[in-house]
Amino acid sequence: MNYILTYTVYVLIASVFLGLSAWRLFKMMGYKPWMAFVPFYNYYLILKRTGHPRWWAVLSYLPIVGPVMMSVFHLFLMKQFGRISFVQRLLTVILPFIYIAAVNYGKNTVPAETADTPEEEKKETFWGSVVYAVVFATVIHTFVTQPFGIPTGSMERTLLVGDFLFVNKLNYGYRFPMRPVAIPFLQGTIYDAGQKGNPKDDPKSYLESVRLPYFRLPGWEKVKRNDIVVFNYPRDSVHVATDRKDPYVKRAVAVGGDIVEMRGGRLFVNGQPEQRMADAEVQHSYLVYTGAQLDINRIWKIFGYLPVQEGQTDNGFAYQFQGLTDEIAAQIKEMPEVIEMQEVISPKGQQEIRYFDAAQTKIDTTNTIFPLNKPWNQDWYGPIRVPRKGEVIKLTADNLPEYQWLIANYERNKLENRNGKIFINDRETNEYKIQQDYYFMMGDNRDASLDGRFFGFVPEENIVGKPMFTWLSIQGAFDEGPKKIRWNRMFKATNTGDKDKTSYWWIAAAVLILFFGWEYFMKLFGKKKKDD
């Protein structure tokens, strides 16, 4: 309800601005001045006047799409009064209500009577086609499905670096945009400005001042254990808006109420070894010592690209493979060059803390195991219980680091620890009721994954959607491996749980040929029919 009320206020404000800046123009077009203030109807009348499809008015105030369409409708309006030069159109787009008001209150403003020349009509048709294509793509991108590229190896070999996915935003319930005024297709920032690689000084792709609360429609399924899920990184310090935080893809290894634990690098859920899906290619890091140098290119040809570091020892060579499945590790161990092979496992009880400085005065929480007060690391982690919506948790000095970020940031409460006493919204308490569901996300490449072991629980509001299929896969797109297109991965479903997924690239190719070649085929058949 808060989302709808806030959204309605923004729509009314935009409508008032249009009314104040264009009421006289509406009067000149034969409409009553007050109609310029009526949401949706004001743009409906502009479209009626200009002869464009009137249903487009529905798009005028939609999140993300609305600002684009409003600019188009403003250009239509200004054209009715002869404002068609490049500068006039630019002012209409970047200073809409100010420039429209200048025309509205101008003494010499009269409706235009000249018709477009054939050249002008041709230009209008071209740019109109471009705008409509952008708007259509934006609607699909914003409300239905979103493309997502995988730049890191945290899900290798289940999902590969260079896989490009389409993510379904509807399965788990559509989450409405929280920053409705934004540049289409851009996630958080526009480009890398200022300090290279530092997103904090980059220009944002959205307007921070126009914000809406979290709101999600009901979906036809809930996030289930072992689902592969795309979500917004919960500890992103650059973007305040949840839906503008960096998108991550991991496996939901546990849901609300589950207990997660890592024992010697192996995952246990509710005290039992994890139940892997058939397509889960779980990997671990290994050190390999050899008497002779390995032929890495030959290994890549056999197993596919494997990130590896090479070094020399007194007796030969040492290799650290970022992630190997149990099957691949067993095969590499049998190579004649291999002297010794061991899995990289941190000692039990060794707390994993990273610092920004050599003096160890400032903790790097992004790369430090969660929560900070436990002697845990990636391989020996937990047990920790995933919070569930509606449950009441008892708060103590020991578990407060586990829940403080959840209470203060995810559920937006004022949390204070005053001399050992816990205050929530200025009220002393020792319990808290969880307001939304939470999940524990983990990468299948266990030793090369920034996941729940570092950032903790992922709240429901951060869930983006469920990957549907890989539409393109390029080896070497984001890493230093050999460059090639992986045709065998294209148009394969990603969330079936099956090990061997059928590729439907030939169906996609047929659809694309039909889509782009439809007009040609129609002309060809029409010509043949005429000749007959």
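Residues numbered from 1 in each chain as written. Predicted model: local features only at pLDDT ≥ 70, side-chain atom pairs only at ≥ 80, totals over all residues. Heavy atoms only, no water.

S.K.: So, the sheet that holds strand β12 (residues 381-385): which residues are in play, and what are the values?
M.R.: Taking strand neighbours across the sheet as the criterion, the four strands line up as β7-β6-β5-β12 in an open arrangement whose pairing is antiparallel. What marks the edges here is a single partner per strand, and that holds for β7 (272-273) and β12. Two strands pair when backbone bridges link them, and strand β5 (residues 259-263) and β12 are joined in this way by three bridges, in the antiparallel orientation. Within the sheet, the bridge partner assigned to Val260 lies in β12 and is Ile384. (Pairing = 2+ DSSP bridges. Helix = DSSP H or I, 4+ residues; strand = E, 2+ residues; numbered from the N terminus.)

S.K.: Just give me the short version of the sheet that holds strand β9 (residues 308-313), but keep the residues and values in it.
M.R.: Reading across the sheet, the four strands line up as β9-β10-β8-β11 and stay open at both edges, with antiparallel pairing between neighbours. Of all the strands in the sheet, the pair left with one neighbour each is β9 and β11 (338-343). Adjacent strand axes in the sheet meet at a mean angle of 20°, parallel and antiparallel pairs treated alike. Where β9 meets strand β10 (residues 316-324), six bridges bridge the pair, whose relative direction is antiparallel. For Thr313, the partnering residue across the bridge sits in β10 and is Gly316. (Axes fitted to C-alpha atoms, helices over the stretch in contact; angles between N-to-C directions.)

S.K.: Residues and numbers for the nonpolar core, please.
M.R.: Ranked by internal contacts, the top residues of the largest apolar core, which has 36 residues, are Leu25, Phe26, Tyr43, Phe73 and Leu77. Secondary-structure elements contributing two or more residues to this core are α1 (2-28), α2 (41-50), α3 (65-79), α5 (96-104) and α6 (118-143). Counting residues per element, this core draws most heavily on α3, which supplies eight residues. For Leu77, the residues in contact, after removing those within four places along its chain, are Ala22, Leu25, Met29, Ile46 and Ile100. (Core = buried A, V, L, I, M, F, W, Y, C linked by side-chain atoms within 4.5 Å. Buried < 20%, exposed > 50% of the residue type's maximum accessible area, 1.4 Å probe, protein only. Contact = heavy atoms within 4.5 Å.)

S.K.: Mind laying out the packing of α1 against α3, listing which residues take part and the relevant values?
M.R.: Where α1 meets α3, the closest approach of the two axes is 12 Å, and the angle between their N-to-C directions is 10°. When the interaxial angle is binned, α1 and α3 end up roughly parallel. Of the residues in α3, those in contact with Ala14, Leu18, Ala22 and Leu25 of α1 are Met70, His74, Leu77 and Met78. Here the contact of α1 with α3 is built from residues that sort into seven nonpolar, one polar and no charged. (Parallel < 35°, antiparallel > 145°, perpendicular 65-115°, else oblique. Nonpolar A, V, L, I, M, F, W, Y, C, P; charged D, E, K, R; others polar.)

S.K.: If you had to explain α5 to someone new, which residues and values would you point to?
M.R.: Here α5 has its buried residues at Pro96, Tyr99, Ile100, Ala101, Val103 and Asn104. Residues of α5 that are buried sit in contact with α1, α3 and α4 (86-94).

S.K.: I'd love a proper account of helix α7 (residues 296-303), names of residues and values included.
M.R.: Since one α-helical turn is 3.6 residues long, residues separated by three or four positions face the same way. Those residues of α7 lying buried are Ile296, Ile299 and Phe303. One face of α7 carries all of its buried residues, which in axial projection span an arc of 55°. Residues of α7 that are exposed and point more than 90 degrees away from the buried face comprise Asn297 and Lys301. Looking at the buried residues of α7, the elements they touch are β9, β10 and α8 (326-333). Note on α7: the residue one or two positions beyond its end, Gly304, has a positive phi of about 90°. (Arc of directions from axis to C-beta.)

S.K.: Mind laying out the packing of aromatic side chains, listing which residues take part and the relevant values?
M.R.: Counted by the stated rule, this structure contains 29 aromatic pairs. Arranged with centres 5.3 Å apart and planes meeting at 55°, the rings of Tyr3 and Phe176 form a pair that is tilted. In this pair, Tyr3 is assigned in helix α1 and Phe176 in the loop between β2 (163-168) and β3 (228-232), connecting sequence segments 173 residues apart. With respect to burial, Tyr3 and Phe176 carry one shared label: buried. Here the aromatic cluster, defined as three or more aromatic residues joined through ring pairs, consists of Phe164, Phe166, Phe469, Trp471, Phe478 and Phe491. A cation over an aromatic ring shows up here: Arg235 above the ring of Trp405, its NZ or CZ 4.1 Å from the ring centre. Across the ring face of Phe423, the terminal group of Arg418 is positioned such that the distance to the ring centre comes to 3.9 Å. (Phe/Tyr/Trp six-rings, centres within 6.5 Å; stacked < 30°, edge-to-face > 60°. Lys NZ or Arg CZ within 6 Å of the ring centre and 35° of its normal.)

S.K.: Quick one: what's the story with unusual backbone geometry, residue by residue and with numbers?
M.R.: In this structure, the amide linkage connecting Glu156 to the following residue, Arg157, adopts the cis form with an omega of -5°. Position of Arg157 relative to the elements: it lies in the loop between β1 (145-149) and β2. The backbone of Phe491 sits at a positive phi, close to 60°, despite the residue not being glycine. The residue Phe491 is located in the loop between β21 (484-485) and β22 (492-493) in this model.

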